[in-house]
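Understanding the architecture of this molecule
As a plain string of letters, each chain reads:
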Amino acid sequence: MKTYLPLISAAMLLSALACTKEPESGKSETVFTVTVNMPISVDNPQLTALSVTFSNTVTGSEDTATDFAAAGEGSYTVSATLEDGTYNVDLSGEITYELEGMSRTAIVNASRSNITVSEASAGITIETTVSTLKSDNFVIEEIFFTGTLKPDGAQYYGDQYFKITNNSDKTLYADGLIIMQSAFMTVDKYDYTPDIMSTHFSINSGIVLPGSGSEYPVEPGESIIFADTAIDHTEYNSNSMDLSAATFEYYNDLDDEDVDNPEVPNVTTLFADDYWTIHNRGFYAYAIGRLGEGISAEQFATDYMYTAEYEMVVPDFGTFPMSDDVWKFPNEWVIDVVNLSIEETFAWTVTSPVLDSGWTYCGKIDGDETRYGKSVRRIEAGEMDGRIVYKDTNNSTVDFTPEAIPSLM
């Protein structure tokens, strides 16, 4: 590796370089610096190779930087001269780390979307995660959120579902598992205050699976199905599916049109008087997790609420201060998360990149009618001990197949 200046001198040099100049093209350019933090999930990580690609979201041009410098314990920097604009940043690298007294190697990756590059915004910090082929916990294998169309073209509701799979080699229990929806939308980017994304997942809704701890075992490779309505939907829509054998269902006893299947256990809502619904275009991130030890749903609803403030810009009318009361779910309680959106209006991922550094979709434009009857499905990484193992790199862009054929259809 190269020999670099002392850290203070290097920092001063980077600061001096991060200024705007006027290239021959007449468009401003900025020396943009990315600070890369090593994953905290491994011991003594040392970066040995790095590639950071900057993709201009308007022109489609790409610039790649590979030279990096140490910037303190567990951090490195890499810089590139970029034309001012908006970029997607994709990072991959190789690290060495220690495990059981031996040196190991691993791949790290991360990505950030819609990053502004300018004299006023000349750098970002990215947290990396270790790329693996499997996790040792539950994963969201599939989300069917689009719903279906009836033969006459009318929208049909109620046949949405989550498929959650035990991706480990041991028996896990679904009891008490929480399925959550993000408070923020992936298609509307605001500067929320306070910004707690690095430590918490902001949510506005959730459901809790029943059980006292050992009532719903899930063997390695097996799955549970959480259905919006656990009935045979083909009786009402020939283009739908039979969900009457789902593991759990959501039943709203305040909705006269909702149907309860007495053979399928009902979930409860995380918050009192909450109404669970799944957006049929995505637009949110969905996660599974568990409350911390000793924390009840009632305590969480009280102690973990906070107010997120932001400014909404309405063209031709002005800027309006806004605020929402939402809940902060600690990142360490999150087991798995998937950012959903559509290609045309995707703005950002609403989670820490440590949880999910990418996103997936059904539908390329807003109101895309081709999205109906499609789901997002996790990619198979291979087989182990006679069971399928699913890819889990904490990057939904590479972990999921978008616009897939639903597994239950």
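The paragraphs below set out a description of the structure included in this document. None of these values were measured; they are calculated from a predicted model. (Residues numbered from 1 in each chain as written. Predicted model: local features only at pLDDT ≥ 70, side-chain atom pairs only at ≥ 80, totals over all residues. Heavy atoms only, no water.)

Some thoughts on the overall build of the protein chain
How we decide: Numbering of helices and strands runs from the N terminus, with a helix taken as a DSSP run of H or I at least four residues long and a strand as a DSSP run of E at least two residues long. Note on classification: 1.4 Å probe, protein chains only; a residue is buried when its accessible area is under 20% of the maximum for its type, exposed when over 50%, partly exposed between these limits. Any two residues whose heavy atoms approach within 4.5 Å at even a single point are treated as in contact. Residue burial considers only the protein chains on display, and all accessible areas are found by Shrake-Rupley using a 1.4 Å probe. Charged residues are defined narrowly, with Lys and Arg counted positive, Asp and Glu counted negative, and His plus the chain ends left uncounted. Lysine's charge is taken at NZ, arginine's at CZ, aspartate's at CG and glutamate's at CD.
Within the protein chain one finds 3 helices and 30 strands. Seen through its principal axes, the protein chain has C-alpha atoms that stretch 70 × 60 × 40 Å. Relative to its full complement of 409 residues, the protein chain shows a buried share of 47%. The long-range share in the protein chain, meaning contacts at least 24 apart out of those at least 6 apart in sequence, stands at 68%. When the accessible surface of the protein chain is split by element, carbon and sulfur atoms take 49% of a total near 19,600 Å². Counting 20 positive and 65 negative side-chain charges, the protein chain places the centres of these two groups 7 Å from one another.

Some remarks on the pattern of salt bridges
Note the threshold: We define a salt bridge as a side-chain nitrogen of Lys or Arg found within 4 Å of a carboxyl oxygen belonging to Asp or Glu.
One pass over the structure, following the stated rule, counts 6 salt bridges. Among the charged side chains, a network of salt bridges with common partners joins Asp336, Arg378, Asp392 and Asp399.

Quick notes on the sheet that holds strand 14 (residues 161-166)
Filter applied, for reference: Two strands pair under a simple rule: DSSP has to find at least two bridges between them.
Reading across from one edge, 20-19-14-11-27-30 is the order of the 6 strands in this open sheet, with mixed pairing throughout. On the outer flanks of this sheet lie strand 20 (248-249) and strand 30 (400-404), each paired with one strand and no other. As judged from the 3 bridges shared by strand 27 (residues 375-378) and strand 30, these two strands associate in the antiparallel manner. Counterpart to Arg378 in the pairing with strand 30 is Phe400.

Description of a nonpolar patch on the surface
Let me state the cut-off plainly: Candidate patch residues must exceed 30% relative accessible area and have no salt bridge, after which like charges are joined if within 9 Å and Val, Leu, Ile, Met, Phe, Trp or Tyr side chains if within 5 Å.
Taken together, the side chains of Phe317, Phe320 and Met322 present a nonpolar region at the surface, about 320 Å² in accessible area. Within the secondary structure, Met322 sits in strand 24 (residues 318-330). The class of Met322 is partly exposed, set by a relative accessible area of 32%.

Some thoughts on unusual backbone geometry
Along the chain, Thr193 connects to Pro194 via a cis peptide bond; the corresponding omega equals 0°. Topologically, Pro194 is positioned in the loop between strand 16 (178-182) and strand 17 (200-208). Positive phi is not limited to glycine here, since Asn394 has a value of about 60°. Of note, Asn394 is situated in the loop between strand 29 (387-390) and helix 3 (396-399). Since its relative accessible area comes to 24%, Asn394 is described here as partly exposed.

Side note on the side chain of Glu249
The condition is simple: Pairs of N or O atoms are called polar contacts if they sit within 3.5 Å, as long as, within protein, a hydrogen donor faces a hydrogen acceptor (for residues adjacent in sequence, only side-chain-to-side-chain pairs).
Following the sequence through the fold, Glu249 ends up in strand 20. No salt bridge is formed by the buried Glu249, whose closest oppositely charged neighbour, Lys150, lies at an N-O distance of 18 Å. There is a polar contact of 2.8 Å between the side chain of Glu249 and the backbone nitrogen of Asn261.

Concerning the environment of Tyr173
Among the secondary structure elements, Tyr173 is positioned in strand 15 (residues 172-173). According to the relative accessible area criterion, Tyr173 is partly exposed, its value standing at 34%. Taking the C-alpha atoms as reference points, Tyr173 and Ala285, 112 residues apart in sequence, are found 23 Å from one another. In this structure Tyr173 touches Phe138, Gly213, Ser214, Glu215, Tyr216, Pro217 and Arg290, once residues within four positions along its chain are discounted.

What to know about the environment of Ile95
Relative to the helices and strands, Ile95 resides in strand 7 (residues 85-99). Judged by its relative accessible area of 0%, Ile95 is buried. Along the chain, Ile95 and Ser352 lie 257 residues apart, while their C-alpha atoms are 21 Å from each other.

Observations concerning the packing of aromatic side chains
Two measures describe an aromatic ring pair: the distance that separates the ring centres and the angle between the ring planes. What counts here: Only centres within 6.5 Å qualify two rings of Phe, Tyr or Trp (six-membered ring in Trp) as a pair; their planes then separate them into stacked at under 30 degrees, edge-to-face at over 60, and tilted for everything else. We call a charge positioned over a ring when the NZ of a Lys or the CZ of an Arg lies within 6 Å of the ring centre and within 35 degrees of the ring normal.
Summed over all chains, the structure comprises 24 aromatic pairs. Summarising the aromatic geometry, the rings of Phe162 and Trp276 are spaced 6.5 Å apart at their centres and angled 50° between planes, so their arrangement reads as tilted. Separated by 114 residues along the polypeptide, Phe162 in strand 14 and Trp276 in the loop between strand 21 (268-269) and strand 22 (285-289) bring together distant segments of the chain. Residue Phe162 is classed as buried on the basis of its relative accessible area of 1%. A relative accessible area of 3% means that Trp276 is categorised as buried. Put simply, the rings of Phe271, Phe300, Tyr304, Trp327, Phe329 and Trp333 touch in pairs and so form one group of aromatic residues. Its end group placed over the ring of Tyr372, Arg371 keeps NZ or CZ at 4.4 Å from the ring centre.

Points about the pairing of strand 6 (residues 75-83)
Pairing of strand 2 (residues 29-37) with strand 6 involves 9 bridges; the strand directions are antiparallel. When the bridges of strand 6 are listed, Thr33 appears paired with Ser79. Two strands pair when backbone bridges link them, and strand 5 (residues 69-70) and strand 6 are joined in this way by 2 bridges, in the antiparallel orientation. Paired with Ala69 across the two strands is Thr77, which belongs to strand 6. From the end of strand 5 to the start of strand 6, which pair antiparallel, there are 4 residues, and Gly72 there has a positive phi angle of about 115°.

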